[in-house]
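# Coordinate inspection notes
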Amino acid sequence: MDWSTLFSLMNALAMVGWLVLMLAPRRWTALGLVPRLLVPGAIGVAYTALMGAHFASAGGGFGSIAEVRTLFASDPVLVAGWGHYLAFDLLIGVLLADRLDRVGVTRLLQVPVLLATFMFGPAGWLLGLITEAVACSRFGRAQEA
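Conventions adopted
- Residues numbered from 1 in each chain as written.
- Predicted model: local features only at pLDDT ≥ 70, side-chain atom pairs only at ≥ 80, totals over all residues.
- Heavy atoms only, no water.
- Helix = DSSP H or I, 4+ residues; strand = E, 2+ residues; numbered from the N terminus.
- Buried < 20%, exposed > 50% of the residue type's maximum accessible area, 1.4 Å probe, protein only.
- 1 Å grid on protein atoms, 1.4 Å probe; cavity = no way out; pocket = protein on both sides within 12 Å on 5 of 7 lines; lining within 4 Å.
- Points joined across faces, edges and corners; volume = space filled by probe spheres on them.
- Nonpolar A, V, L, I, M, F, W, Y, C, P; charged D, E, K, R; others polar.
- Patch = residues over 30% accessible without salt bridge, like charges linked within 9 Å, V, L, I, M, F, W, Y side chains within 5 Å.
- Areas by Shrake-Rupley, 256 points an atom, 1.4 Å probe, with all protein chains shown as cover.
- Salt bridge = Lys/Arg side-chain N within 4 Å of Asp/Glu carboxyl O.
- Expected span 1.5 Å × (residues − 1).
- Phe/Tyr/Trp six-rings, centres within 6.5 Å; stacked < 30°, edge-to-face > 60°.
- Polar contact = N/O pair within 3.5 Å; in protein donor to acceptor, adjacent residues only side chain to side chain.
- Contact = heavy atoms within 4.5 Å.

### Some words on the overall build of the chain
- Helix and strand counts for the chain stand at six helices and zero strands.
- In the chain, the succession of helices and strands from N to C terminus is α-α-α-α-α-α.
- Projecting the C-alpha coordinates of the chain onto the three principal axes gives extents of approximately 55 × 35 × 20 Å.
- Residues counted as buried form 37% of the 145 residues belonging to the chain.

Written out as structure tokens, the structure reads:
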């Protein structure tokens, strides 16, 4: 399998996780395992295998922008890095969805937060925290730490 194909497969897998998180009923515990465990787990296995096999030979590192640029010039490490983003953004989306569920934010209002988290990670997380704070102040519910 070439790196472009693996990249595309990871994207498709992450999209399944996000669609389940945004659209599926959360009361279906087994289906909830898709974004919570199965998708991040599968991407995590691929990430671990890619980094284990290619990190040392890729050159570069994390000490400077030049080292990071060199590291990510390696296609397998770049695909692994992309998988890292996909898995962690989805996990943050799961955490936000759980928090927003607990304070009574409807799914319709959660979708923009989850889309922002999918596309822009930390900005979506901030939007989620703001949405949670507004819901707590509006509905008088306690906010979690």
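From this point, the discussion proceeds with the structure in view.
### Here's the deal with the layout of surface pockets
- Considered as a void within the structure, the largest pocket measures approximately 190 Å³ in volume.
- Taken together, Asn-11, Ala-14, Met-15, Trp-18, Trp-82, Tyr-85, Leu-86, Asp-89, Phe-118 and Met-119 make up the lining of the largest pocket.
- Those elements that place two or more of their residues in the lining of the largest pocket are helix H1 (3–23), helix H4 (75–102) and helix H5 (107–120).
- For the lining of the largest pocket, a count of residues per class yields eight nonpolar, one polar and one charged.

### Focus: a nonpolar patch on the surface
- On the surface, a nonpolar cluster with roughly 370 Å² of combined accessible area is contributed by Ile-92, Leu-95, Trp-125 and Leu-126.
- Of all the elements in the fold, those that place two or more residues in the nonpolar patch are H4 and helix H6 (122–139).
- Residue placement: Leu-95 occurs in helix H4.

### Things to note about H1
- Between the first and last C-alpha of H1 there are 30 Å, a value that for 21 residues agrees with the 30 Å anticipated at 1.5 Å per step.
- Of all the residues in H1, the buried ones are Leu-6, Met-10, Ala-14, Gly-17, Trp-18, Val-20, Leu-21 and Met-22.

### Focus on the packing of aromatic side chains
- Considering all chains together, one arrives at four aromatic pairs under this definition.
- Ring geometry for Phe-55 versus Phe-62: centroids 6.0 Å apart, planes at 20°, classification stacked.
- A relative accessible area of 59% places Phe-62 in the exposed class.
- Site record: aromatic cluster; members linked through ring pairs are Phe-7, Trp-82 and Tyr-85.

### Some details on the side chain of Gln-110
- The topology assignment puts Gln-110 in helix H5.
- At 2.8 Å, the side chain of Gln-110 and the side chain of Asp-101 are in polar contact.

### Re the environment of Val-105
- Mapping Val-105 onto the fold places it in the loop between H4 and H5.
- With relative accessibility at 7%, the residue Val-105 sits in the buried group.
- Between the C-alpha atom of Val-105 and that of Val-34, which follows or precedes it by 71 residues, the distance is 22 Å.
- Val-105 has contacts with Leu-100, Gln-110, Thr-131 and Ala-135, leaving out every residue within four places of it along the chain.

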